[in-house]
Amino acid sequence: MSWITVTWSMATGMSLTLAAVHLLVWLRDREAVANLLFSVSAVAAAVIAIQELALMRAQTPAEFGAILRWMHVPAATLVVALVLFIRSYLGAGRLWLAWLIIGLRVLVLILNFFLSPNVTFEEIYALNSVSFLGETLSAPVGDMNPWRLLIHLSMVLLLIYVLDAAIAARKLGKGRQALVLGASIPFAIILAATFSGLMVRGILPGPFVALIYQIIVLAMAFELSVDLIRSKQLSCGLQESEERMRLAARAADLGFWDWDVMRKEVWVKDVGKEATGTFESGHTSLEHYLSLVHPDDRGSLRQAVDRALEHNEDFHAEFRVTGPSGVERWIAASGQVERGAQGKPLRLRGISMDITARKQFEGELQRHRLALAHAQRVSAMGQLSAALAHELNQPLGAILRNAEAGELFLHQDPTDLGELREILVDIQQDDRRAAEVIDRMRALLRHRELRFEAIALQELIEQVAALLNAEMQARQVTLRTMFPPGLPRVRGDRVHLQQVFVNLLLNCLDALDARQNGSRQIEIGAVQMEGGLVELAVKDNGTGFDPDQLPDPFKPFVTTKSEGLGIGLTISRTIVEAHGGRIRVENNPDGGACIRIELPVEQEEGVA
Amino acid sequence: MSEQVQKVFIVDDDASFLRGVERLLRSNGYVTECFSSASEFLTQLSLEATGCVLADLRMPGMDGMALQQTLARSANPLPVVFLTGHGDINTGVEAMRRGAEDFLVKTAPRDVVIAAIERALARDFRERRARIHRLELQSRFDRLTPRERQVLSQVMLGRLNKQIAAELGIDERSVKRHRTNLTRKLAVKSVAELVQLAIEAGFSIAK
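Keep in mind that this is a model prediction, so the values were computed, not measured.

S.K.: What exactly am I supposed to notice about the sheet that holds strand S3 (residues 50-56) of chain B here?
M.R.: Neighbouring strands of a sheet are bound in pairs by backbone hydrogen bonds; such pairs are parallel or else antiparallel. Residues and elements named next belong to chain B. Spatially, S2-S1-S3-S4-S5 is the arrangement adopted by the 5 strands of the open sheet, whose pairing is parallel. Among the strands making up the open sheet, the edge pair consists of strand S2 (31-35) and strand S5 (102-105). Averaged over all pairs of adjacent strands, the angle between their axes in this sheet comes to 20°, without regard to strand direction. Against the sheet, helix H1 (residues 15-27) makes contact with strand S1 (6-11), S2, S3 and strand S4 (80-84), and its axis sits at roughly 160° relative to S1, the strand it touches most.

S.K.: Looking at this structure, I do not really get the packing of helix H7 (residues 161-168) of chain B against helix H8 (residues 172-186) of chain B. What am I missing?
M.R.: Packed helix pairs are characterised by how far apart their axes lie and by the angle those axes make with each other. Residue and element names in this part refer to chain B. Where H7 contacts H8, the two axes come as close as 8 Å, and the packing angle between them is 105°. For the element pair H7 / H8, the angle class is roughly perpendicular. Contacts from Asn 161, Lys 162, Ile 164 and Ala 165 of H7 reach H8 at Glu 172, Val 175, Lys 176 and Arg 179. Tallied by class, the residues present in the contact of H7 with H8 amount to 3 nonpolar, 1 polar and 4 charged.

S.K.: I would appreciate a short explanation of the interface of chain B and chain A in the present structure.
M.R.: Interfaces are often sized by the accessible area lost when the parts come together. Each partner contributes to the interface: chain B provides 28 residues, whereas chain A provides 29 residues. Taken together, the two surfaces of chain B and chain A that pack against each other cover about 2,300 Å², and 47% of this comes from carbon and sulfur. Between chain B and chain A we count 6 salt bridges in total. A salt bridge links Arg 26 of chain B to Glu 419 of chain A, with the shortest nitrogen-to-oxygen separation between them at 3.2 Å. On the surface where chain B and chain A come into contact, there are 12 residue pairs in polar contact (both at pLDDT 80 or more). Sorting the residues of the side of chain B that touches chain A by element identifies H1 and helix H5 (110-142) of chain B as the ones contributing at least two each. Broken down by element, the side of chain B that touches chain A gets its largest block of residues, 9 residues, from H1 of chain B. Taken together, the residues of the side of chain B that touches chain A sort by class into 8 nonpolar, 9 polar and 11 charged.

S.K.: Looking at this structure, I do not really get unusual backbone geometry. What am I missing?
M.R.: It is generally the case that most residues other than glycine have a negative phi and that most peptide bonds are trans. The omega torsion of the bond from Asp 413 of chain A to Pro 414 of chain A falls at 0°, within 30 degrees of zero and hence cis. We note that Ala 187 of chain B has phi near 55°; this positive angle belongs to a residue other than glycine. Residue placement: Ala 187 of chain B occurs in the loop between H8 and helix H9 (191-200). Judged by its relative accessible area of 52%, Ala 187 of chain B is exposed.

S.K.: Is there a simple way to explain a nonpolar patch on the surface in this structure?
M.R.: A cluster of nonpolar side chains, namely Leu 16, Val 43 and Val 47 of chain A, defines an oily patch on the protein surface of about 200 Å² accessible area. With respect to the secondary-structure elements, Val 47 of chain A resides in helix H2 (residues 33-56).

S.K.: Looking at this structure, I do not really get the packing of aromatic side chains. What am I missing?
M.R.: Note on aromatic pairs: each is described by the distance of the centres and the angle between the planes. Scanning the model with the defined rule gives 8 aromatic pairs over all chains in all. Ring centres of Trp 257 of chain A and Phe 315 of chain A lie 5.7 Å apart, and the angle between their planes is 80°; this geometry places the pair in the edge-to-face category. Residue Trp 257 of chain A is found in strand S3 (residues 254-260), and its partner Phe 315 of chain A is found in strand S6 (residues 315-322); the two are separated by 58 residues along the sequence. For the pair formed by Trp 257 of chain A and Phe 315 of chain A, the shared burial category is buried. Their ring planes at 35° and their centres at 6.3 Å tell us that Phe 9 of chain B and Phe 35 of chain B sit as a pair that is tilted. Of this pair, Phe 9 of chain B sits in strand S1 while Phe 35 of chain B sits in strand S2; the two residues are 26 residues apart in sequence, bridging distant segments of the chain. Of the two residues examined, Phe 9 of chain B and Phe 35 of chain B, each falls in the buried class. Taken together through their ring pairs, the aromatic side chains of Phe 9, Phe 35 and Phe 41 of chain B make up a single cluster. Between the NZ or CZ atom of Arg 491 of chain A and the centre of the ring of Phe 452 of chain A, over which it lies, the distance is 4.0 Å.

Cut-offs applied
Residues numbered from 1 in each chain as written. Chains lettered and ligands numbered in written order. Predicted model: local features only at pLDDT ≥ 70, side-chain atom pairs only at ≥ 80, totals over all residues. Heavy atoms only, no water. Pairing = 2+ DSSP bridges. Helix = DSSP H or I, 4+ residues; strand = E, 2+ residues; numbered from the N terminus. Axes fitted to C-alpha atoms, helices over the stretch in contact; angles between N-to-C directions. Contact = heavy atoms within 4.5 Å. Parallel < 35°, antiparallel > 145°, perpendicular 65-115°, else oblique. Nonpolar A, V, L, I, M, F, W, Y, C, P; charged D, E, K, R; others polar. Buried area = accessible area lost by both parts, 1.4 Å probe. Salt bridge = Lys/Arg side-chain N within 4 Å of Asp/Glu carboxyl O. Polar contact = N/O pair within 3.5 Å; in protein donor to acceptor, adjacent residues only side chain to side chain. Buried < 20%, exposed > 50% of the residue type's maximum accessible area, 1.4 Å probe, protein only. Patch = residues over 30% accessible without salt bridge, like charges linked within 9 Å, V, L, I, M, F, W, Y side chains within 5 Å. Areas by Shrake-Rupley, 256 points an atom, 1.4 Å probe, with all protein chains shown as cover. Phe/Tyr/Trp six-rings, centres within 6.5 Å; stacked < 30°, edge-to-face > 60°. Lys NZ or Arg CZ within 6 Å of the ring centre and 35° of its normal.

Have a look at this one:
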């Protein structure tokens, strides 16, 4: 076997191997266009090598011409693939120049098949025997085709194109790639032009293109291999960071989830199964996942998902999930939407956390607050006991006197039945009055959780005012209420709101005690606000809040009163905020304090 | 004047209790009159009215304590019995100190209420009689001339006519004439009676 055959076969084999490797890469990852282009160019180089081997062994000028003609096909393919590879791989290169080169090469190819024997030679007279590497090979003798200049032109343009692209790529920070490709390709082009010239002059048996193209193929292969190595390193790093992430997630009891919007599937990573609430990893349908969610939370979860998808907001939701063992857990999930080319949501991806313990704490805290509120109600009731005793003794005294009188009337002759009837009516009335006082007191003292209902504020304030009526009279305070007609009802817990207003009115009364002369007044007014709120203002003309003495009036256990516990306003705020409302304190411009409370309007009424 | 019927004036803003206590007192034979506020009662109260006041302590506007004070300073200081829904010790002590006849809760036993009213009425009768007596004496003493007052003062000091004459720089006969006029105007028969009357009328000795 000759050296020529061995060398050219090796070149073919190498090119095909590299082509196969990178074709495989492209088949796995369709976005790796550079690998595909490389593969094409390597196949072309392999074909050229085989054809060249045949060319050097050609027996007649006609055979030589025919082989050379067909060699232009892989050559053109190689140039086009190279142009596209440069653009795809370096991300640089002038587009018009690229099209010009491709156009020229296609033109050359077309001419090649119209001209005889080919675009390189006008005519091949004979074949010389040339001795090369100890082998006798055929070298052509003939006239050059003038159209060959087009090939030269395309090669010059290719040279410019590659150099220009390499310079641009350098600026893009791809220095090494630019250097390797920008040096090897022009070198190969110049070498090819030289060998081609030598072949045309009959000095070389063939253009030796196969060998030259190996330079380009090797340069491209080197580049792509470096990338392969790098991607391997990257994937190792990625695996490591994923492992770290997994550890961190496990430590923080986090779970990963991924919701495929198109396929409507939920994918849950095996870490923190409990954190995602599925208790098992893997895929599950969205419907199945939602069926695990507590019915009360399904609506809000759906809403959160829709909001994230439609308004491009971050996703966040807290919901309860019941696992297969029937254990209910609280889950907090946050995530982001990943969008496709047209902004179409592809997937919702995020983390989730088991917040059952936190929710339990919150519940406990709420219970403690309610207990404190209850304790405070009892203490407020203690302060009110005198007033309550008065309220209660009023009807009881009336009943007693009427009963005593009735007894005496019975002994009279004749018995005045009309008077007796009136007495009995009065007794019944007073009995009801006493029962009402007791009911109000019991309602206020009852210890229970929040229970929301639609509440007419005016009625509520009137009930509280009735409870405090005796106390207000004793302290010579007048109460004025101003409620606009058509004020919507608010969503609230009657007893707890009553407590808030008892607290506030007791505060007002204490503040008014200091007022020695002039009228002592409390004003309660309400207005409807924007955003489905009603604002209630409780004003007095007492001493007002002293900001120096009481920087934060809502701070617990801080009081300016000698007998106060300092939790009245704290509890009021807790209650108002549990209603989704707001409470704030200010001083009136003309003296005295004003407490403003915002409460949400009952939903159905807000819509109407 | 003592022929005037004794009345129980009930002042309370609680209409129901007002009716109840009015019925009880009426059926016990008392004459009553009801008022729903202190100011209403004060404007309608005549000087000749006799009896006592049964008042609530806590009322809008003028409260029971203020009513008592106003009444005490008036020309017709009727005794007051307080009835209250809830009585704390401080208010009770304060009311008694200011001269209230009694201080009771509204649910107090009937006998206690009736007894308090009885005491108040008796006190009114007693004080009124004393007041009238004092006024009558006062009018008698008002008829004395300045000279007669001087002589009366000397008599009360136990001086003899001769000493009085010397003290006042008049003769003894004039002193005797003044003394005769004195006993006539004051309708007394002896010096002892004269002195007792003068003390009762709160006559002050002129130096």
